[in-house]
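One letter stands for each residue in the lines below.
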Amino acid sequence: MVFSLTMKSNPITIIIIILQAFIAPIASQETVKDTIKDTVAQAYNIEEFEIVGKKNISEIIPPRRLSGITLQNLNSQSVADAVRYFSGVQVKDYGGIGGLKTINIRSMGTQQMGVFYDGIQMGNAQNGQVDLGRFSLDNIESISIYNGQKSSLLQSAKDYGSAGTIYLNTRRPVFAEDKTFNINARLKTGSFGLVNPSLLWQQKLTSNINLSTSVEYMYANGRYPFTRYDTTLVRTNSDIRALRTEATLYGYTPRGEWKAQIYNYNSERGLPGYIARNLFEHHDRQWDNNFFVQSSIRQAFGKYSFLVNAKYANDYLHYIQPDSITMYINNIYRQQELYLSAAQGYTVNKILDFSLSVDYQYNFLASDMLGFVYPSRHSLFAAASGNLRLKRFKIQSAFMANLITESLRYGTATPDRQAYSPSLIATYSPFDYFPITLRSFVKRSFRMPNFNDLYYVGTMLGASRLKPEFVNQVDLGAEYILKKQGKLVRNLNIAVDAYYNEVTDKIVAVPTSSSFRWTMTNIGFVKIAGVDVSFDGEFRLAKNLYINALANYSYQNARDFTDKESTVYKKFIPYAPLHSFTIAFNINYNAFRFNYCVIYTGERYNGAANRPDIDYVEPWYTHDISLGYNFVLGRLGKLYVNADVNNIFNQQYDVVLNYPMPGTNFKISASWKF
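My aim in this report is to walk through the structure given alongside it, one point at a time. Quantities reported herein were computed from a predicted structural model and do not represent experimental measurements. Numbering of residues starts from 1 in every chain and runs along the sequence as written. Local features in this predicted model are restricted to residues whose pLDDT is 70 or higher, and side-chain atom pairs enter the listing and the counts only when it is 80 or higher, whereas totals over whole chains, interfaces and linings include all residues. As a rule here, side-chain values come from all non-hydrogen atoms in the structure, and water together with hydrogens is ignored.

**Here's the deal with the side chain of S445**
Defined as follows: A run of H or I in DSSP becomes a helix once it reaches four residues, and a run of E becomes a strand once it reaches two; helices and strands are each numbered from the N terminus. Exposure classes here rest on a 1.4 Å probe applied to the protein chains alone. A residue is buried below 20% of its type maximum, exposed above 50%, and partly exposed in between. Note on contacts: a residue pair qualifies if any of its non-hydrogen atoms lie within 4.5 Å across the two residues.
Mapped onto the elements of the fold, S445 is located in strand β22 (residues 436-447). We classify S445 as buried; its relative accessible area is 0%. Excluding residues that lie within four positions of it along the chain, S445 makes contacts with Q112, G161, S162, A163, S421, E469, F470, V471 and Q473.

**Details of the packing of aromatic side chains**
Rule in force here: Stacked, tilted and edge-to-face pairs are distinguished by plane angle, under 30 degrees for stacked and over 60 for edge-to-face with tilted covering the rest, among Phe, Tyr and Trp rings (Trp via its six-membered ring) whose centres lie within 6.5 Å. Note on criteria: charge over ring means Lys NZ or Arg CZ within 6 Å of the ring centre, with the direction from the centre no more than 35 degrees off the ring normal.
Under the definition given, this model contains 25 aromatic pairs. Ring centres 6.4 Å apart and planes at 10° place the aromatic pair F572 and Y605 in the stacked group. You can see F572 sitting in the loop between β27 (545-560) and β28 (579-589) and its partner Y605 sitting in strand β30 (residues 604-605), a full 33 residues away along the chain. Y605 shares its class with F572; the two are buried. Three or more aromatic residues link up through ring pairs in this structure, and these residues are Y117, F135, Y263 and F292. The ring of Y167 has K150 lying over it, and the distance from NZ or CZ to the ring centre is 4.9 Å. The aromatic ring of F292 is capped on one face by K311, whose charged end is 4.8 Å from the ring centroid.

**Side note on a nonpolar patch on the surface**
Put simply, the rule is: Every patch collects residues that have over 30% relative accessible area and no salt bridge, joining them within 9 Å if they carry like charges and within 5 Å if they are nonpolar side chains (Val, Leu, Ile, Met, Phe, Trp, Tyr). Here the accessible surface of atoms and residues is derived via Shrake-Rupley with a 1.4 Å probe, and residues count as covered only by protein chains that are part of the display. A pair is scored as a salt bridge if a Lys or Arg side-chain nitrogen falls within 4 Å of a carboxyl oxygen belonging to Asp or Glu.
A contiguous nonpolar patch, built from I351, L390, F393, Y428 and L438 and spanning about 410 Å² of accessible area, is present on the exposed surface. Considering the arrangement of structural elements, one finds L438 in strand β22.

**A short note on unusual backbone geometry**
Located in the positive-phi region is Y575, a residue other than glycine, with phi close to 60°. For Y575, a relative accessible area of 14% puts it in the buried group. Even without being a glycine, N650 presents a positive backbone phi close to 55°. By the secondary structure assignment, N650 is in the loop between β33 (638-646) and β34 (665-673).

**As for the sheet that holds strand β6 (residues 140-147)**
Sheets are built from strands that pair by backbone hydrogen bonding, the pairs being arranged parallel or antiparallel. Rule in force here: When DSSP finds two or more bridges between two strands, those strands count as paired.
Strand order in this open sheet of five strands is β1-β6-β7-β4-β5, and the pairing throughout is mixed. Two strands in the sheet have a free side with no partner beyond their single neighbour: β1 (64-67) and β5 (120-121). Pairing analysis gives five bridges linking strand β4 (residues 113-117) to strand β7 (residues 164-170), with the strands arranged parallel. Residue pairing in the sheet places M113 in a bridge with G164 of β7.

**Considerations on the side chain of E257**
Stated precisely, the cut-off is as follows: Residues adjacent in sequence count toward polar contacts only when both atoms are side-chain atoms; beyond that, a polar contact is any pair of N or O atoms within 3.5 Å, and within protein one must be able to donate a hydrogen and the other to accept it.
For E257, the location among the structural elements is in strand β14 (residues 256-271). Engagement of the side chain of E257 in a polar contact is seen with the side chain of R172, the distance being 3.2 Å.

**Brief notes about the environment of G371**
Here G371 lies in the loop between β18 (352-367) and β19 (375-389). Spatially, the C-alpha atoms of G371 and Y410 are 8.7 Å apart, while their sequence positions differ by 39 residues.

**Things to note about the nonpolar core**
Rules: Only buried residues count toward a nonpolar core. Its members are Ala, Val, Leu, Ile, Met, Phe, Trp, Tyr and Cys residues joined through side-chain atoms within 4.5 Å.
Core analysis: the largest hydrophobic core is formed by 55 residues, its most contacted members being V79, V83, F135, I143, I166 and L168. Other than its neighbours up to four places away in sequence, I143 contacts R64, R65, L66, L71, V79, A82, V83, F86, L137, I166, Y167 and L168. With 15 residues, the next largest nonpolar core counts L408, A413, L454 and L466 among its residues.

**Some details on the environment of P173**
Looking at the element boundaries, P173 is found in the loop between β7 and β8 (181-190). C-alpha of P173 to C-alpha of S212: the two residues are 39 residues apart in sequence and 6.8 Å apart in space.

Nothing here speaks to function; it is geometry throughout.
Right, here's the structure in full:
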């Protein structure tokens, strides 16, 4: 491919190529005849400013989404808590308020999941994991999850790259006719010594420019009782102090929009660690500072449209393990990322359109660790797609090319890697008056080993020979969507999906003589077959009485097919439950709101051998309730007061074995909107 001509020798050339791709659509704006200005502007607005809770008609397969009132009522502190209500999703929670929380969809692995914040992917070249616990729901408008990929016309090349994606969309300013600002101040308190104030201020600067600023502080001592071996103990070293600040400028034009955003998250936390072998407390500490600035421009001109994204991120991590008996650790890591993307789309007619996207990403990791090799990575992604939209049939075909080259300050870097990710998505609506849609997709995706996989121990163990991890996905499903405003059934959405995934060259960690330094190798071949079922309904029982019901069920059969001679052949892979489900009911009557939720995760194993006496992890469930009331204060706005009680039956359980979770706990919040 032409991308490889100068990638290794002169990375600056790549930046120039990308900048030319940015400038080209802008330079061509004056030459594109705006023949259907009003029609294009209307279609564009539907795609970008989607109405929360409605089906996004610009996509071949719409996502599963939590938004609006449903999202607010799920007794969730963070995004990690909320995504548990999606079918096929497992959240690894290492316990406590400050514990790491990562997401895994359909047992394909945490690092196969792309996390997008306002349309631009969050990255972590060091370990490939994005901690969802640091994203509060106070400034989140909606959470969307895609199996496979997003299927819009205009999207970056990286949107095509992951086996699954989660999109976090922040609150856009919406003003009443007589207002130029909105204020939302909230205070939460409750168990674990929680003190959590936040403020969201939205300001109309001009008729076409709005500003949104959000600040949140959270403190918790993280102490809670748990039971082990018929003894009640107290979870320690789970405290957290965190400050999140962000500001976004939104600009609107007759045929598009632009956005500029700055974000910073600063925290100090204890890492509670595992409870086993008479070890009941840990003293590990971690300091984080995650900073990024990002911007995007989207514009439409007649049949032509383009999207430009840019981002710079700087992440700081300081980790201390004060245990001098096993290994004393005190290291600082600094990551830098530069990301540029240009996507262009062309609508041939009402049934056919095409798009081309090119992304460039640069990552660099530094550390004060002895013998560190200071890796850097240049990545180039290119994706082409075409959409065909007939009366009953819609299809998207896409092809993504990946080229990655790396260099080290010391030692020999891994060789250049090239990989390709084709995909095909299709839907069919067989009836005019019966709202059912059949859908299917096939896709091949890959992930590059992260810096920890390749270079954490230098090159002395040969880790740089790691191969990328590939995933093959096949999905077949059906969805029923009914909307009858004013009737007993106001909205009804029922979906069933059967899927089959294969993971090859799976990257796993193999212990060495040191419990801290592990080597990475490719030894895995996993087959995953499953079924996801989801139900989402809104019912009007009386004039002011509404009930929302949300239910998801997932069956996953994920087994290791690496080696027929191995004792783990055809055994379940760790932490993949065969059955899991979530149910939530929300009742709204005038100013009152009541919510009940139950989450169940079935039995699973924490070890590849599936030994019943050692590896077995018991199923767990939690029941949560909340009650709220909305006070109308006249000219002073509205005051919403809410009380949550989680795990009301005080079940003792582990999401990850030997990382005990809290028992019964409560939270009280007051939110003032003006």
